[in-house]
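Chain residues, written in single-letter form:
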Amino acid sequence: MKKLKAEIWDKVQFIFRNYYDRMVHAALYFNGNANLGHLKKAVWYIAQQYPVLRSSFKSNIFNPYWKINEISEDETVQHVICDDLHKSVTAALAKEISPKAKKQFEIVLHTCGNQCALSVIVNHMCLDGGDLKYFLSKVKEAYNMLAEGKALETLELKKGTRSYTQLYRDMSEEDRKKAKGLYVNVSRTGIKNKFAFTDDKDCTTRFNFVKFTADEFAAMRVKAKSVGATVNDIFLAAYAKCIYKYIDGKDKRLAVTNMKNLRYHMADQDTENITNLTGFMPCVLESADGSFEDILKAVSDITTKAKNDKFCGLYGLPLMALAFRLFPYGIAEAVIRIGYENPLIGMSNIGIIGQEISGYTGLKCYDAFMTGATKFKPYIQLTSTTFDGAPTLCIAQKCSDRDEEKIRALLKDIKNLLTEYAFS
């Protein structure tokens, strides 16, 4: 039996399985029809190079690991013919892959007349948003090589460790020592305010979106730059102000935790293999009940200070590593559950979906989005991606009809606030 070591974030994502579905999601919509054979061969070839994608997670009280499996080309991509692309795609994205499954990804080609779409879900234990983008880019590259009659053996793929310790690789000896000593639990903000979900039990996975045009986004960027803020600051500030009126709790303060891509600590800003390199960057506001301009300034000040910290996002990693080092996994899981708090209100900016992901030979991509894990109540997260200069904000949530009404109202509030601000 071939085994693969389970890294820290593989284990932590598994520990947090009761907070979210552990999936990362992506969808690409095209004019034209994709070649199913090329897709299957492309995905199969890449899965051969990255065994974690075709492994089953074996959890035990001592030392969990991945059991590597063999898969065939026919197991890599499913094909469905539908009469509503978006409905078919979101239904596929709502599925959940068991850690015990033979493979940790599910890709579906949806065909609707002369259009098609790809839906992709991957177990978050295997990779994060940054490496989901890498995986998708290599699928596209392999597909194009096959379309052009090229051998996949010439496809360049990164190969190296999946360990979080690669984060320290390019640091000076002094900084490396300090970073490995950051035993600070940033997950605990002390703020219990949360989104006012209902107590409804009839919950299913829902994806709700708000989209901005390229012109709206361009105006936002100009406005952000004029006050020394980033676009991410504007999204975060709007999210904070709008969610504030849906809050259940007495604390005036509000904590929105950003998921921080830790690759920027490395010289080439990339992982050595597909893995998770993500950290917490909490944004704690004394209040989100003021004007949008005041909230934006507070957010910008907080995020600027955080980004100027050379160890941003690295706090707490040594604590988790220590727990797994000192205790058998069964005890470490209990310790981490007690010590760490999953953010009640989160935000993740996955970034741009560019031609390296969407540029399939013979197809024209007209829409695309990605989103993080589907959260379970009381947790909620807003994810942003940008395709063709136009952002999409998404909340993936397991919730009821009444909860979904509130989420749609929240997204509508964010849309109205930001468009008004952009053109004021």
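It should be noted that the structure appears before, not after, this text.
So, a few notes on the structure that sits alongside this text. These figures come from a predicted structure and were not determined experimentally.

## Remarks on the layout of surface pockets
In this structure, the largest pocket encloses a volume near 1100 Å³. Along its surface, the largest pocket is lined by 50 residues, and Met259, Asn261, Ser348, Asn349 and Ile350 are the ones closest to its centre. Considering each element in turn, the lining of the largest pocket owes the most residues, seven residues, to strand β13 (residues 345–353). Its residues assigned to classes, the lining of the largest pocket shows 18 nonpolar, 22 polar and 10 charged. Of the pockets and cavities examined, the second largest pocket occupies roughly 280 Å³.

## A few points about the sheet that holds strand β7 (residues 115–123)
Taken together, five strands build an open sheet; the order of strands is β5-β6-β7-β2-β14 and the sheet is mixed. Edge positions in the open sheet fall to β5 (77–81) and β14 (364–371), since each of these has one partner strand only. The sheet shows a mean angle of 15 degrees between the axes of neighbouring strands, direction not considered. Sheet analysis places strand β2 (residues 23–31) next to β14, joined by seven bridges and oriented antiparallel. Counted as the bridge partner of His25 is Thr371 from β14. Sitting on the sheet, helix α3 (residues 85–93) is in contact with β2, β5, β6 (105–112), β7 and β14, with an inclination near 10 degrees to β7. Strands β2, β6, β7 and β14 of the sheet are contacted by helix α4 (residues 129–147), whose axis makes an angle of about 135 degrees with β7.

## Quick word on the packing of aromatic side chains
What the rule picks out here adds up to 17 aromatic pairs. Seen from their ring centres, Phe195 and Phe197 are 4.7 Å apart, and the 65 degrees between their planes marks the pair as edge-to-face. By relative accessible area, which is 12% here, Phe197 ends up buried. For Lys223, the ring lying beneath its charged end belongs to Tyr421, and the centroid distance is 4.2 Å. Over the ring of Phe376 we find Lys398; its NZ or CZ atom is 5.4 Å from the centre of that ring.

## Brief notes about unusual backbone geometry
For the peptide bond that leads from Lys377 to Pro378, omega is 10 degrees, which places it in the cis range. Here Pro378 lies in the loop between β15 (375–376) and β16 (380–387). With a phi angle near 55 degrees, Asp388 is a residue other than glycine that sits in the positive phi range. Looking at Asp388, the relative accessible area reads 66%, which means it is exposed.

## Thoughts on the nonpolar core
Core analysis: the largest hydrophobic core is formed by 81 residues, its most contacted members being Leu53, Val122, Leu132 and Phe135. By residue number, the principal contributor to this core is α4, which donates nine residues. Those residues in contact with Leu132 that lie beyond four places of it in its chain are Val24, His25, Ala26, Val120, Val122, Leu127 and Met370. By size, the runner-up hydrophobic cluster in this structure holds 46 residues, among which are Ala219, Ala240, Leu285 and Leu418.

Cut-offs used in this document
- Residues numbered from 1 in each chain as written.
- Predicted model: local features only at pLDDT ≥ 70, side-chain atom pairs only at ≥ 80, totals over all residues.
- Heavy atoms only, no water.
- 1 Å grid on protein atoms, 1.4 Å probe; cavity = no way out; pocket = protein on both sides within 12 Å on 5 of 7 lines; lining within 4 Å.
- Points joined across faces, edges and corners; volume = space filled by probe spheres on them.
- Helix = DSSP H or I, 4+ residues; strand = E, 2+ residues; numbered from the N terminus.
- Nonpolar A, V, L, I, M, F, W, Y, C, P; charged D, E, K, R; others polar.
- Pairing = 2+ DSSP bridges.
- Axes fitted to C-alpha atoms, helices over the stretch in contact; angles between N-to-C directions.
- Contact = heavy atoms within 4.5 Å.
- Phe/Tyr/Trp six-rings, centres within 6.5 Å; stacked < 30°, edge-to-face > 60°.
- Buried < 20%, exposed > 50% of the residue type's maximum accessible area, 1.4 Å probe, protein only.
- Lys NZ or Arg CZ within 6 Å of the ring centre and 35° of its normal.
- Core = buried A, V, L, I, M, F, W, Y, C linked by side-chain atoms within 4.5 Å.

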